[in-house]
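Residue-level structural notes
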Amino acid sequence: MQGIAERVEELQKNKTNEEDKKQPKCFICMDTGIILYKRITSFGYEAEYAARCTCSAGNQYIYEGRECKDHKSEYRIATIDEVLDKYELAQNNFQQWIAKSREATNHEG
């Protein structure tokens, strides 16, 4: 999962100010395809997990270990629907995007 977290961070760093103003196609993942979230493990500590979005950007992260031909495993990347309320997440991301867009517009003029 470390590779996914680094990829999401890289995607977010590579955004320019112009891209920040552009409306994302998906407010669930903000066009990254992956959503990072935290959960308490059975051992009692907080761990970070990744879920893939159900939009087209998330399709590149489909992984179902049971469907592998040669090296089957129990590992998989869950969809956002399985772990979080995607509508609440989209609403929160939309509100943050609106605030950033207004702030960027105010700094220009």
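Residues numbered from 1 in each chain as written. Predicted model: local features only at pLDDT ≥ 70, side-chain atom pairs only at ≥ 80, totals over all residues. Heavy atoms only, no water.

1. Some remarks on the nonpolar core
As a reminder, the rule being used: What we call a nonpolar core is a set of buried Ala, Val, Leu, Ile, Met, Phe, Trp, Tyr and Cys residues that are connected through their side-chain atoms within 4.5 Å. Throughout, exposure labels follow a simple rule: accessible area from a 1.4 Å probe, protein chains only, divided by the maximum for the residue type, with under 20% read as buried, over 50% as exposed, and the rest as partly exposed. Elements are defined by DSSP. Helices are runs of H or I of four residues or more, strands are runs of E of two residues or more, and each kind is numbered from the N terminus. Residues are treated as being in contact if the distance between any of their heavy atoms lies within 4.5 Å.
Of all hydrophobic cores here, the largest spans 17 residues; its most connected members are I28, I35, C53 and I80. If you list the elements that add at least two residues to this core, you get β1 (34–40), α3 (80–83) and α4 (86–108). In this structure, I80 is in contact with I28, I35, A51, R52, C53, T54, K86 and L89, ignoring residues within four places of it in sequence. Counting five residues, the second-largest nonpolar core is a separate cluster that includes V8, I34, Y61 and I77.

2. Details of the pairing of β1
This is how the line gets drawn: A pair of strands is considered paired only if DSSP assigns at least 2 bridges between the two.
Bridge analysis of β1 against strand β2 (residues 46–52) gives seven bridges, and the strand direction is antiparallel. Directly across from R39, in β2, lies its bridge partner A47. Once β1 ends, the chain turns through five residues before running back antiparallel as β2, passing G44 with a positive phi of about 95°.

3. Regarding unusual backbone geometry
Look at M30: it is not a glycine, yet its phi comes out positive at around 55°. In this fold, M30 is placed in the loop between α2 (17–21) and β1. For M30, a relative accessible area of 19% translates into the label buried. In this structure, D31 takes a positive phi of about 70° despite not being glycine. Considering the arrangement of structural elements, one finds D31 in the loop between α2 and β1. In this structure D31 comes out as partly exposed when scored by relative accessible area, which is 34%.

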